[in-house]
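Geometric and topological summary
Spelled out from the first residue to the last, the chains are:
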Amino acid sequence: MHAGRAATLWLAALLAAPMAAAAQHALVGLPLSDPAYTQLDGLMRQGCAEARISQFRPYFVGDIRSALARAERNSSCTGTLLTALRARFPVDTAPRDTARSRLSFGAEGTLQATGLKNGTFYPLWQDVRPTSEGEPAAVGIGRIRLTYDGGPHVLLVTEAFGESDVRNDPHTRESPFRNTSGVVGFQDAYISAEVGKLIVSRGRAREAWLDDGQESLVLSANGPAYDRLLFSLRFSKFELRAFAATINDVVLDSTHDVLPEGVAQQRWHRFAFGHAITYKPTKKIELTLGETAMVQRQGFTVDLAYLNPLMIYQTTQHDTSQNG
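Worth saying up front: this structure is predicted, and the values here are computed from it rather than measured.

1. Quick look at the packing of helix H2 (residues 61–71) against helix H3 (residues 80–88)
H3 packs onto H2 with a crossing angle of 140 degrees between their chain directions and a minimal axis gap of 10 Å. In terms of orientation, H2 and H3 fall into the oblique class. The interaxial crossing formed by H2 with H3 has left-handed handedness. Across from Arg-65, Leu-68, Ala-69 and Ala-71 in H2, the residues of H3 making contact are Leu-82, Leu-85 and Arg-86. Its residues assigned to classes, the contact of H2 with H3 comprises 5 nonpolar, no polar and 2 charged.

Structure representation (structure tokens):
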């Protein structure tokens, strides 16, 4: 929904401790809105197949570094984009200083101001809407982020945020704070560990699968972050990825839904599952086969059959041993 003749202004202030300027941990998941995704797409469009990282987002910083190292060996990849990306994601070859603090801190403050003229929204086939349903006139957003480096194979991340007005913000899943229009919550909060080629991540983060940009076949990457369990296994020609996540609960009643009169409210818990395998026979050919599923249960019980990355969901949901 876009406002007619709208002007938006962002003012941002950054504050970071000295350790925040150090190279990011290889297990950090790059936020989906990061401009590096657009830069990597630009490299691929200019013929740099080495810049292709994965069908699954977010990318891990370690995978970005590996892709850029391959790109540096291809003359068709040279240019401003590669130089900018390499400067931001340098190869982490420096020995680890055991005396330094493993904890890093960063903070950010943003002020967004939006001005509307005429108070109508386009396209008009969605009806003329009052300004009270549009973007708030001013929104203040604050974030703090803590990262703990547990060594080359362990990472802990937590990012808390506060927003003065959550109207029309699809990324927010928390309820308004007390009686205000603002909200306080967490965007990223996860622990990741690497064992050989396997990466396991548990906690809250956003996921986008099987498409470009912020679109996704896993519901919508424009929505809130998932509370998920993620598995990633990567080889030179194969990549396997699987996750299980909780979504918001849904409460049904006889007033607004199809329940018969006199039936008590029913709460349904919703879960999202996904698994996929990608095969790359050459650096310019990529084949992916994957599934995603949304499952609802009245009891908060995770169907363990959906956690098996080697079973087909279409078969699992019709298994006579399953309930619901």
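2. Concerning helix H1 (residues 36–45)
Listed as buried for H1 are Ala-36, Tyr-37, Leu-40, Asp-41, Gly-42 and Leu-43. For H1, the elements touching its buried residues are strand S3 (56–57), H2 and H3. Taken from the residues just after H1, Gly-47 is the one with a positive phi, measuring 100 degrees.

3. Observations concerning a nonpolar patch on the surface
Side chains of Leu-103, Phe-105, Ile-144, Leu-146, Tyr-148, Leu-156 and Ile-191 sit close together on the surface and give an oily, nonpolar patch of about 580 Å² of accessible area. At the level of elements, strand S4 (103–115) and strand S6 (138–149) are the ones that each hand at least two residues to the nonpolar patch. Ranked by residue count, the leading element in the nonpolar patch is S6, at 3 residues. Residue position: Leu-146 is located in strand S6.

4. With respect to the pairing of strand S15 (residues 285–297)
In this structure, strand S14 (residues 266–282) lies alongside S15, joined through 12 bridges in antiparallel fashion. Its bridge partner lying in S15, Gly-274 is registered against Thr-292. The hairpin formed by S14 and S15 contains 2 residues between the paired strands.

5. Describing the side chain of Arg-204
Looking at the secondary structure, you find Arg-204 in strand S9 (residues 198–205). Arg-204 sits in the buried class, given a relative accessible area of 15%. Separated by 3.0 Å, the side chains of Arg-204 and Glu-174 make a polar contact. A polar contact is formed between the side chain of Arg-204 and the backbone oxygen of Phe-186, at a distance of 3.3 Å.

6. A short note on unusual backbone geometry
For the peptide bond that leads from Arg-57 to Pro-58, omega is 10 degrees, which places it in the cis range. One can find Pro-58 in the loop between S3 and H2. In the Ramachandran plot, Asn-168 falls in the positive-phi region, its phi being about 65 degrees despite a non-glycine side chain. Tracing the chain through its elements places Asn-168 in the loop between strand S7 (154–163) and strand S8 (183–195). What makes Asn-168 partly exposed here is its relative accessible area of 38%. For Arg-178, which is not glycine, the phi dihedral falls at a positive 55 degrees. In this fold, Arg-178 is placed in the loop between S7 and S8. A relative accessible area of 71% places Arg-178 in the exposed class.

7. Observations regarding the pattern of salt bridges
According to the stated counting rule, one finds 18 salt bridges in the structure shown. Note that Arg-234 and Asp-63 form a salt bridge whose closest N and O atoms lie 3.9 Å from each other. With Arg-234 in strand S11 (residues 226–234) and Asp-63 in helix H2, this pair connects stretches of sequence that are 171 residues apart. On the basis of relative accessibility, which here comes to 19%, the residue Asp-63 falls in the buried class. Arg-145 is paired through a salt bridge with Glu-159; the nearest N and O atoms lie 2.6 Å apart. A residue pair is termed long-range when its members are at least 10 positions apart, and Arg-145 in strand S6 and Glu-159 in strand S7 qualify at 14 residues. By relative accessible area, which is 12% here, Glu-159 ends up buried. When salt bridges with common partners are traced through the structure, they connect Asp-63, Arg-234, Glu-239 and Arg-241 into a single cluster.

Parameters and conventions
For every chain, the first residue of the written sequence is number 1, and numbering continues from 1 along that sequence. Where local features are concerned, this predicted model is filtered to residues with pLDDT of at least 70; where side-chain atom pairs are given and counted, the filter is 80 or more; whole-chain, interface and lining totals use all residues. To obtain the side-chain values, all non-hydrogen atoms of the structure were used and water was disregarded. Axis geometry follows a simple rule: fit a line to the C-alpha atoms, using only the stretch in contact for helices, then measure angles between N-to-C directions, giving values from 0 to 180 degrees. Comment: elements are numbered from the N terminus, with helices defined as DSSP H or I runs of at least four residues and strands as E runs of at least two. In this scheme, roughly parallel covers angles under 35 degrees and roughly antiparallel covers those over 145, while 65 to 115 is roughly perpendicular and the rest are oblique. Left-handed describes a crossing in which the near helix is turned anticlockwise from the far one by less than a right angle; the clockwise case is right-handed. Contacts are assigned to residue pairs with any non-hydrogen atoms lying within 4.5 Å of each other. Just so you know the grouping, Ala, Val, Leu, Ile, Met, Phe, Trp, Tyr, Cys and Pro go in nonpolar, Asp, Glu, Lys and Arg go in charged, and all remaining residues, Gly too, go in polar. When a residue's accessible area, from a 1.4 Å probe over protein chains only, is under 20% of the maximum for its type it is buried; when over 50% it is exposed; and in between it is partly exposed. Note that patches include only residues with greater than 30% relative accessible area and no salt bridge, and the join distances are 9 Å for like charges and 5 Å for nonpolar side chains (Val, Leu, Ile, Met, Phe, Trp, Tyr). Using the Shrake-Rupley algorithm and a 1.4 Å probe, accessible areas are obtained, with residue cover drawn only from the displayed protein chains. Whenever a carboxyl oxygen of Asp or Glu lies within 4 Å of a side-chain nitrogen of Lys or Arg, that contact is scored as a salt bridge. Any two strands between which DSSP finds at least two bridges are classified as paired. Here a polar contact means two N or O atoms within 3.5 Å. Within protein one must be a hydrogen donor candidate and the other an acceptor candidate, and residues neighboring in sequence count only if both atoms are side-chain atoms.

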